[in-house]
Amino acid sequence: MTEPSFIHRFLPGTDTLRHPLLLLHGTGGNEDDLIPVGEMIDPAAAILSPRGNVLEHGMPRFFRRLAEGVFDYPDVIARTHELADFITEQTIAHANKKPIAVGFSNGANIAAALLYLRPEVLAGAVLIRAMLPLPTGPEHTLGGLPVMIVSGRMDPILPLDNAKRLAEALRAHGATVDHRVLETGHGITRNDVDLARGFIAGING
Ligand code: MLT
């Protein structure tokens, strides 16, 4: 067995019929960060939580950027495939149930990139504070894949207009997108957790 390509945590959960949660942290976070959030969103689900492989001044991220909101697109593409391959290995190793991504900020942006390039590895996605991950795409038809985007109207880092364009791009390629706008800024709030919980309960049925 080769070493997994991401430092990560896996918590088995209590209900293997539910989709695992794939937790994707923001810049400067790690694999521990979103676990309390995941446990609030779906306490019975397994959790897979990788740490981003890129370091920006010592802060983990999922891909390189040239400046705030200016992404290194070749790196986005390479890192997205690396993450998708890791998810596939982990899915096969753990009950073969595709995860639902729950990403925050940089984690939401790599989750959006997965939807653009490798949507087959996910059962759905909740993107908390996301923007367009790539200039063109998605590359595939998304076949009704359920996606929730939660934006903060006062978010100075991820502008609402950009998130609206992401929602439109995903819809145009066949995703079922529920875009919510909270009267808040960049940080995760209780309302984000409540929206994600309801959305994911709907996917699990
Ligand atoms: C990104 O780089 O993905 C976004 O600007 C959000 C962040 O600051 O991480």
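Residues numbered from 1 in each chain as written. Predicted model: local features only at pLDDT ≥ 70, side-chain atom pairs only at ≥ 80, totals over all residues. Heavy atoms only, no water.

Trainee: Help me understand the nonpolar core in this model?
Mentor: Taken as a class, soluble globular proteins show a tendency for nonpolar side chains to be buried jointly. Counting 41 residues, the largest nonpolar core has Leu127, Leu166 and Leu170 as the members making the most contacts within it. Put simply, the parts of the chain that give this core at least two residues each are strand S2 (21-24), helix H2 (73-93), helix H3 (106-117), strand S9 (124-128), strand S10 (146-152) and helix H4 (160-172). If one sorts the elements of this core by residue count, H3 sits on top with nine residues. Residues in contact with leucine 170, not counting those within four places in the same chain, are Leu115, Tyr116, Leu127, Pro138, Leu142, Val147, Ile149, Ala175 and Val177. Grouped together as the second largest cluster of nonpolar side chains are 22 residues, Ile47, Ala123, Val193 and Leu195 included. (Core = buried A, V, L, I, M, F, W, Y, C linked by side-chain atoms within 4.5 Å. Buried < 20%, exposed > 50% of the residue type's maximum accessible area, 1.4 Å probe, protein only. Helix = DSSP H or I, 4+ residues; strand = E, 2+ residues; numbered from the N terminus. Contact = heavy atoms within 4.5 Å.)

Trainee: When you look at the sheet that holds S2 in this model, what are you seeing that I'm missing?
Mentor: Each strand in a sheet pairs with its neighbour through backbone hydrogen bonds, running either in the same direction (parallel) or in the opposite one (antiparallel). The sheet built from seven strands is open, its strands ordered S1-S3-S2-S8-S9-S10-S11 with mixed pairing. Every interior strand has two partners, whereas the edge strands, strand S1 (8-11) and strand S11 (176-182), have only one. On average, each strand axis in the sheet is tilted by 15° relative to the strand beside it, whichever way the strands run. Bridge analysis of S2 against strand S8 (residues 100-104) gives four bridges, and the strand direction is parallel. By the bridge assignment, leucine 22 is partnered in S8 with alanine 101. Running at roughly 165° to S11, H4 makes contact with S9, S10 and S11 of the sheet. (Pairing = 2+ DSSP bridges. Axes fitted to C-alpha atoms, helices over the stretch in contact; angles between N-to-C directions.)

Trainee: Teacher, can you tell me more about helix H5 (residues 190-204) here?
Mentor: Owing to its 3.6 residues per turn, the α-helix brings residues three or four apart onto one side. For H5, which comprises 15 residues, the first-to-last C-alpha distance of 21 Å matches the rise-based estimate of 21 Å (1.5 Å per residue) to within 8%. In this structure, the buried residues of H5 make contact with S2, helix H1 (35-41), S8, S9, S10 and S11. Of the residues flanking the end of H5, it is glycine 205, one or two places downstream, whose phi is positive at about 75°. (Expected span 1.5 Å × (residues − 1).)

Trainee: Where do I start with the layout of surface pockets in this structure?
Mentor: The rolling of a water-molecule-sized probe over the atoms marks out the regions of remaining empty space. What the largest pocket holds in volume is close to 200 Å³. If you trace the largest pocket, you find 15 residues lining it, with Thr27, Arg65, Ser105, Ile157 and His186 closest to the centre. (1 Å grid on protein atoms, 1.4 Å probe; cavity = no way out; pocket = protein on both sides within 12 Å on 5 of 7 lines; lining within 4 Å. Points joined across faces, edges and corners; volume = space filled by probe spheres on them.)

Trainee: Sorry if this is basic, but what is going on with empty space enclosed by the protein here?
Mentor: Counted under the stated rule, the structure contains one cavity of 30 Å³ or more. Empty space within the largest cavity amounts to approximately 60 Å³. Class assignment for the residues of the lining of the largest cavity results in four nonpolar, three polar and one charged. (Nonpolar A, V, L, I, M, F, W, Y, C, P; charged D, E, K, R; others polar.)

Trainee: Quick question: what am I supposed to make of the site of the ligand here?
Mentor: If you check the shell around the ligand, you find Thr27, Arg61, Phe63, Arg65, Gly69, Phe71, Ser105, Asn106, Asn109 and Ile157 and nothing else. One of the side-chain N or O atoms of arginine 65 is found 3.0 Å from an oxygen atom in the ligand. Contact distances for the ligand include 2.8 Å between an oxygen atom and a side-chain N or O atom of asparagine 109. Contact with the protein chains hides 96% of the accessible area of the ligand, taken as 260 Å² for the molecule alone. Taken together, the residues of the shell around the ligand break down into three nonpolar, five polar and two charged. (Near = heavy atom within 4 Å. Polar contact = N/O pair within 3.5 Å; in protein donor to acceptor, adjacent residues only side chain to side chain. Areas by Shrake-Rupley, 256 points an atom, 1.4 Å probe, with all protein chains shown as cover.)

Trainee: What exactly am I supposed to notice about the pairing of S10 here?
Mentor: The side chains of a regular strand alternate, residue by residue, between the two faces of the sheet. Within S10, seven of the seven residues are buried, leaving the element largely enclosed by the surrounding structure. Of the two faces of S10, the one holding Pro146, Met148, Val150 and Gly152 and the one holding Val147, Ile149 and Ser151 are both buried throughout. Of the pairings in the sheet, the one linking S9 to S10 comprises four bridges and is parallel in character. The residue bridging isoleucine 128 from the neighbouring strand is valine 150, located in S10. After leaving S10, the chain enters H4 and then returns to the sheet as S11, a path that is right-handed. (Right-handed = clockwise from strand over helix to strand, strands pointing away.)

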